[in-house]
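Results of the structural survey
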Amino acid sequence: MSIINYASREIQFKIVYYGPALCGKTTNLAYIHERMSPSHRGDLVSLATSADRTLFFDFLPVNAVVIKGFVTKFQLYTVPGQVIYNATRQLVLRSVDGVVFVADSQWEKMEENVESFKNLEENLTQQNLSIAEIPYVLQYNKRDLTNIAPINYLEFLLNNRKKRAQSFEVVSSTGQNVFASLNAVSQMLLHKFCKQGEAPSSASVTPAIPSEIVPPSRSIRPINL
Amino acid sequence: MNSIPALTIEHVASLDGILADFLKKADADLAVVIDRGGNVISQYGDFAILDVTIIAALAAGSFAATRELARRIGEVEFNALYHQGNGNHIFMNSVDENTIMITVFGPRTTVGLVRFYSAATAAAVAELLMSLETSGAHGFTFEANDVTAGPIFIDR
């Protein structure tokens, strides 16, 4: 949960990058760390295995002056994507303010994407939160690969609900839309605390949801239909 | 509309007073009060030597990770953890169900002294935080035009 300190004039927010194993969550943070001015970010801390798989979490503190008179600190976390680490994901989600869901665009990862999103919803529920009340954006990552699902199919699977989230076509390895999605979720969560209400959440890509699409291998049920 | 829990200058001064007294008695270098999500609530002491934000994130993770270990031996959680270094050490103890206190100390003092004084300090911090909740200190909001309109973070 965010917290404001009037003495140091700081506000803290926690943003978690969530998604299936090897979808590019750590790559997002590594790119942000590499491209941000050192005066606006701290060290990137990775608690990873010897094979560079996230074991606990990655953590990157970044800051900006976005609210008049206050330094706003955003704490960026990733979760371990591997299924067995669900207890760790629950711990990292504690006190979360915003979520970037990183989906892997490759056809063979569709089931894992859906499972991971369901897992996110379940873990939020355990904290008496719901995806409807948490500012979040969707990243469709690895758009540079060849064996990828079209955007409208990903939208159909992951963004098929009454209030659709902003979504981005991302190549986290080159940085395409990495900052755009971070900026979007940051603006959303800031506007959550505005007196005037929430920020507009118009989607950056708004493909029509197809009435019938069958992926190459098997049919995967979209979430929240 | 949502609001952000707020620590006023008076609250921070009270917390600082408690932590300053603790550091003096225990002869420790740094005390940090964090929530279990890794957010820093208050800090006092020589924090130029390290990045408190990162210490807070790692400490919250460390505390949470050992919870399962505690459950295996029939405990709800370990209410204190001690990481011993060659010269500098970290002691962490539970303040309440949402809050942890971290103490960094060096060779001038001992873990026994830190542990002894941290118990009373944690109780005082818990009491203060409880009073914040009951005093209705929650409620910071801002105007939409106080927020920067353009991109918050820039890709160099």
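First, a word on scope: everything that follows refers to the structure included in this document.

What counts and how
Residues numbered from 1 in each chain as written. Chains lettered and ligands numbered in written order. Predicted model: local features only at pLDDT ≥ 70, side-chain atom pairs only at ≥ 80, totals over all residues. Helix = DSSP H or I, 4+ residues; strand = E, 2+ residues; numbered from the N terminus. Contact = placed C-beta atoms within 7 Å. Buried ≥ 20, exposed ≤ 12 C-beta atoms within 10 Å, placed from the backbone. Nonpolar A, V, L, I, M, F, W, Y, C, P; charged D, E, K, R; others polar. Expected span 1.5 Å × (residues − 1). Core = buried A, V, L, I, M, F, W, Y, C linked by C-beta atoms within 7 Å. Right-handed = clockwise from strand over helix to strand, strands pointing away. Pairing = 2+ DSSP bridges. Axes fitted to C-alpha atoms, helices over the stretch in contact; angles between N-to-C directions. Parallel < 35°, antiparallel > 145°, perpendicular 65-115°, else oblique. Left-handed = near helix turned anticlockwise from the far one by under 90°.

1. So, the overall build of chain B
In terms of regular secondary structure, chain B is built from three helices and seven strands. Its helices and strands taken in sequence order, chain B reads β-α-β-β-α-β-β-β-α-β from the N to the C terminus. Here the analysis covers contacts within chain B between residues at least 6 apart in sequence; of these, 54% occur between residues at least 24 apart.

2. What about the overall build of chain A?
Along the backbone of chain A there are five helices and eight strands. Moving toward the C terminus, one meets the helices and strands of chain A in the order β-β-α-β-β-β-α-β-α-β-α-β-α. Classification of the 225 residues of chain A by burial places 51% in the buried group. A fraction of 72% describes how many contacts in chain A between residues 6 or more apart in sequence connect residues 24 or more apart.

3. Section: the interface of chain B and chain A
Each partner contributes to the interface: chain B provides 38 residues, whereas chain A provides 45 residues. Elements with a minimum of two residues in the side of chain B that touches chain A: β1 (4-7), α1 (9-26), β3 (40-45) and α2 (52-72) of chain B. Among the elements that line the side of chain B that touches chain A, the one with the most residues is α2 of chain B, at seven residues. For the side of chain B that touches chain A, a count of residues per class yields 20 nonpolar, ten polar and eight charged.

4. Considering the environment of Thr8 of chain B
Residues and elements named next belong to chain B. By the secondary structure assignment, Thr8 is in the loop between β1 and α1. Given 16 C-beta atoms within a 10 Å radius, Thr8 is considered partly exposed. Separated by 91 residues in sequence, Thr8 and Thr99 place their C-alpha atoms 18 Å apart.

5. Focus on helix α5 (residues 178-192) of chain A
For α5 of chain A, built from 15 residues, the straight-helix expectation of 21 Å at 1.5 Å per residue is met to within 8% by its first-to-last C-alpha distance of 22 Å. With 13 of 15 residues buried, α5 of chain A lies mostly within the body of the structure.

6. A look at the nonpolar core
Grouped together as the largest cluster of nonpolar side chains are 103 residues, with contacts concentrated most on Val16 and Phe101 of chain A together with Val32, Ile34 and Ile102 of chain B. Not counting the four nearest positions on each side in its chain, Ile102 of chain B is found in contact with Val32, Ile34, Ile55, Ala59, Ile90 and Met92 of chain B.

7. Digging into the pairing of strand β7 (residues 136-141) of chain A
Residues and elements named next belong to chain A. Taking burial as the measure, the six residues of β7 include six buried ones, the bulk of the element. Alternating positions in β7 separate into two faces, Tyr136, Leu138 and Tyr140 on one and Val137, Gln139 and Asn141 on the other, with burial throughout. Taking the sense of rotation as the criterion, the β-α-β connection linking strand β6 (residues 98-104), helix α3 (residues 110-126) and β7 turns out right-handed. Note that β7 and strand β8 (residues 166-169) share four bridges and pair parallel. Bridge pairing links Leu138 to Ser167 in β8. In this fold, β7 hands off to helix α4 (residues 151-158), which returns the chain to β8; that crossover is right-handed.

8. Looking at the packing of helix α2 (residues 86-93) of chain A against α3 of chain A
All names here are of chain A. At their nearest, the axes of α2 and α3 sit 10 Å apart, and the two run at 60 degrees to each other. Judged on the interaxial angle alone, α3 and α2 are oblique. Two packed elements cross with a definite hand, and for α2 against α3 that hand is right-handed. Residue-level inspection shows Asn86, Arg89, Gln90 and Leu93 of α2 in contact with α3, the latter providing Asn119, Asn123, Leu124 and Gln126. Of the residues belonging to the contact of α2 with α3, the class tally is two nonpolar, five polar and one charged.

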